[in-house]
Every structure is written in structure tokens, then in C-alpha cells.
Amino acid sequence: MSNPCTECNKLLSLGQFFDPGEVLYAYDSPAGYGLMGLQLVAYVWFCYAVLVSLKHYPEKQPFYVPFFTTYTLWFFAVPVMALIANFGIPRWAREKIVNGIQLGIHLYAHIVFL
């Protein structure tokens with residue numbers, strides 16, 4: 001989802017601004033919030049692309065409507081999961097739960113895409 005420059009920036013900021021020992025997973029940091037923001041920007045672009053495609057090719061609506069609804073869930077799953085994890089899951093259990101949910105989200109996206 002993110003490009004190499006974003007990943008390098010995330011790694012540089014991880015070492016400079018806070019103690020990495022306190023971060024339990026990727027979205028538990030300012031860089032993680034930045035990645036969630038990039039995902040929301042990507043969702044806006046996704047909406048624009050789907051709407052333009054539907055405008056120019058209305059006969060493809062049977063494909064684009066389920067595609068749009070399915071991947072809307074996928075786009076919002078990571079930010080919602082990270083916010084719930086940061087404010088609703090105890091720190092001692094957060095890493096395992098978040099990693100499991102994140103793997104489930106990726107599995108969902110791959111199964112739907114097939």
C-alpha cells in the first residue's frame with residue numbers, strides 16, 4: 001500500500017522521536033497514524049476512480065458495485081482496527097490480537113480478489 005519513501009520515513013522517525021520499545025505494533029506510533037492517513041487518502045482516490053469508471057462504462061456496474069462495497073470495508077478495516085486497539089485493548093494483549101486481526105484482513109482481501 002505504501003511506497004518505499006514512506007517506509008524509509010517511517011523507519012527514520014521511529015528511531016528519532018520516541019522509544020521503539022514502547023511501540024507494540026506498526027500503528028501504535030505517529031508514523032502509524034500517518035500510514036492510516038495515507039490509507040484514507042488512497043480510499044478517496046479509489047472512490048474517485050470507481051465513480052469515473054462507472055460514469056464512462058455504466059455497463060460494468062455489476063462488477064464495480066460489489067467491488068466498491070467489498071473494498072470499502074477493506075480500506076476502513078485497518079484504521080478502525082488500529083483505533084480500537086489503541087484505545088480498547090489492554091497493552092499486554094494488543095500485539096497478538098492486532099496481528100491476528102491484520103492477517104485476517106489481508107486474508108479477506110486476497111480471498112475476495114480471487
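- By the naming in an unreviewed UniProt entry, the chain goes by GPR180/TMEM145 transmembrane domain-containing protein and is assigned to Ataeniobius toweri.

## Points about the nonpolar core
Alright, step 1. If you look at the biggest cluster of nonpolar residues, it comprises 22 residues, and the most contacted ones within it are Tyr-25, Tyr-27, Phe-46, Trp-74 and Phe-75.
Alright, step 2. Sorting the residues of this core by element identifies helix H2 (30–56), helix H3 (61–88) and helix H4 (91–113) as the ones contributing at least two each.
Alright, step 3. Ranked by residues supplied to this core, first place goes to H3 with eight residues.
Alright, step 4. What Tyr-25 contacts, discounting residues up to four positions off in sequence, is Ala-82, Ala-85, Asn-86, Arg-94 and Val-98.

## Description of the UniProt feature "transmembrane region" (unreviewed entry) in the chain
Alright, step 1. The sites that carry the UniProt feature "transmembrane region" (unreviewed entry) are, in the present numbering, residues 31–51 and 63–89.
Alright, step 2. The span residues 31–51 is 100% helix and 0% strand, and its two end C-alpha atoms sit 30 Å from each other.
Alright, step 3. Between the first and last C-alpha atoms of residues 63–89 the distance is 37 Å; the span itself is 96% helix and 0% strand.

## Regarding H3
Alright, step 1. The end-to-end C-alpha distance of H3 is 39 Å, a good match for the 40 Å that 28 residues give at a rise of 1.5 Å each.
Alright, step 2. The largest bend in H3 comes to about 35°, at Ala-77, with the proline Pro-79 one to four residues further on.
Alright, step 3. For H3, the complete set of buried residues consists of Tyr-64, Thr-70, Tyr-71, Thr-72, Trp-74, Phe-75, Val-78, Pro-79, Met-81, Ala-82, Ala-85 and Asn-86.

## Focus on the environment of Ala-82
Alright, step 1. Among the structural elements, Ala-82 can be located in helix H3.
Alright, step 2. In this structure, the C-alpha to C-alpha distance between Ala-82 and Arg-94, residues twelve residues apart in sequence, is 9.9 Å.

## Some thoughts on H4
Alright, step 1. Between its first and last C-alpha, H4 extends 33 Å over 23 residues, near the 33 Å set by a 1.5 Å rise per residue.
Alright, step 2. Residues of H4 that are buried make contact with H3.

Parameters and conventions
- Residues numbered from 1 in each chain as written.
- Predicted model: local features only at pLDDT ≥ 70, side-chain atom pairs only at ≥ 80, totals over all residues.
- Heavy atoms only, no water.
- Core = buried A, V, L, I, M, F, W, Y, C linked by side-chain atoms within 4.5 Å.
- Buried < 20%, exposed > 50% of the residue type's maximum accessible area, 1.4 Å probe, protein only.
- Helix = DSSP H or I, 4+ residues; strand = E, 2+ residues; numbered from the N terminus.
- Contact = heavy atoms within 4.5 Å.
- UniProt positions renumbered as here; feature names shortened; annotations may be inferred.
- Expected span 1.5 Å × (residues − 1).
- Bend = angle between axes of the 7 residues up to and from the residue.

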